[in-house]
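Observations on chain architecture
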Amino acid sequence: MIIFYIFFLFSSLLVCVTGGKLPEPEVKIEVIHKPFMCPRKSKYGDMLLVHYEGFLESNGTLFHSSHRDGNQQPVWFTLGSQEVIKGWDKGLQNMCIGERRKLTIPPSLGYGKEGKGKIPPSSTLIFDIELMDIQNGPRSHDSFRDMDLNNDWKLSKQEVKEYLKKEFEKHGYSQNDTHHELMVDDIFNNEDEDKDGFISSREFVYRHDEL
């Protein structure tokens, strides 16, 4: 607690001396390929399907690839809901389906001073990411209506799970009940503010400041 208080005082003093906020770390974005037609661009709240490869900037080591690892399928996540590292949330906005980007992500927007798994502490990361699909995410009125099977204006875990299954089947991806359960748990941890076991239309649609 004392260490935190000293750090807070130091940060406040630095802000006063520099006359403003500390600069926000940036993600370097390079567009490798962009399709000619782009009817929809990614935004916070959308569910994105991506293929990606991740490298350490320091030595070029490949630490993960959706093409090679696991079930070799692209992955879904909701942009802006903190399901992925901050560098992805920042670097994958306004992206077209079929677009491919190279993101260079500083440690503060990746895995920080601690690192994770094959990623050493304080590592700058490089990701080669291709956006395969965009779907309405948990901030969409249309998605809420699609999920609310009994029209009671609240979502149960089963309703959300059934919606995810339907979306995966629609795009020809194999069903993975364990993956669906994890996604549902993550959605409820973020959206079920009053922890009553349901997500109301208000909880579902309105965005929190931190997203």
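Residues numbered from 1 in each chain as written. Predicted model: local features only at pLDDT ≥ 70, side-chain atom pairs only at ≥ 80, totals over all residues. Heavy atoms only, no water.

Looking only at helices and strands, the protein features 6 helices and 8 strands. Put simply, the protein runs from its N terminus to its C terminus through helices and strands in the order α-β-β-β-β-α-β-β-α-β-α-α-β-α. The burial tally for the protein puts 40% of its 211 residues in the buried class. By sequence separation, contacts in the protein at least 24 residues apart represent 63% of the contacts at least 6 residues apart. (Helix = DSSP H or I, 4+ residues; strand = E, 2+ residues; numbered from the N terminus. Buried < 20%, exposed > 50% of the residue type's maximum accessible area, 1.4 Å probe, protein only. Contact = heavy atoms within 4.5 Å.)

This paragraph deals with the environment of Met 95. Counting through the fold element by element, Met 95 comes out in the loop between helix 2 (86-91) and strand 5 (100-105). Sequence separation between Met 95 and Glu 130 is 35 residues; the distance between their C-alpha atoms is 9.5 Å. Beyond its immediate stretch of four places on either side in the chain, Met 95 contacts Arg 40, Lys 41, Ser 42, Arg 100, Arg 101, Ile 129, Leu 131 and Ile 134.

Bringing the state of the cysteines into the picture now. Within this structure, the stated rule accounts for 1 disulfide. Each sulfur in the disulfide pair Cys 38 and Cys 96 lies 2.0 Å from the other. Taking the sign of the S-S torsion, about -100° here, the bridge from Cys 38 to Cys 96 comes out left-handed. Of the two residues, Cys 38 is situated in the loop between strand 1 (28-33) and strand 2 (47-56) and Cys 96 in the loop between helix 2 and strand 5; the sequence distance between them amounts to 58 residues. A residue is classified by how much of its surface remains accessible, and Cys 38, at 26% relative accessible area, is partly exposed. For Cys 96, a relative accessible area of 0% gives the class buried. (Disulfide = S-S within 2.5 Å.)

Moving on to the environment of Ile 105. On the secondary structure map, Ile 105 appears in strand 5. Distance in space between the C-alpha atoms of Ile 105 and Trp 88 is 8.3 Å, their sequence separation being 17 residues. Once you skip the residues sitting within four places of it in the chain, Ile 105 turns out to touch Val 27, Ile 85, Gly 87, Trp 88, Gly 110, Ser 123, Thr 124, Leu 125 and Phe 127.

In this section: the environment of His 67. Note on placement: His 67 falls in the loop between strand 3 (62-65) and strand 4 (75-78). In the structure, His 67 is positioned 16 residues away from His 51 in sequence and 6.8 Å away in space, judged by C-alpha atoms. Here His 67 is in contact with His 51, Tyr 52, Glu 53 and Gln 72, once residues within four sequence places are set aside.

A separate point is unusual backbone geometry. Positive phi outside glycine occurs at Gln 72, with the angle close to 60°. Among the residues examined, Gln 72 registers a relative accessible area of 47% and is labelled partly exposed. Residues other than glycine seldom take positive phi values, yet Asn 94 does so here, at roughly 55°. Structurally, the position occupied by Asn 94 is in the loop between helix 2 and strand 5. For Asn 94, a relative accessible area of 49% translates into the label partly exposed.

Low-pLDDT portions of the prediction should not be read for the details of their coordinates. Of all residues in the protein, 77% have pLDDT values of 70 or greater, and the mean over the chain is 81. At the low end of the mean pLDDT range in the protein sits helix 1 (residues 2-18), at 39; at the high end sits strand 5, at 98. Note on residues 1-20: pLDDT is under 50 here. Beyond four places in sequence and across chains, it has 3 contacts. Across residues 206-211 the pLDDT falls below 50, and counting only partners more than four positions away or on other chains, this stretch makes 13 contacts in the model. (pLDDT = per-residue confidence, 0-100.)

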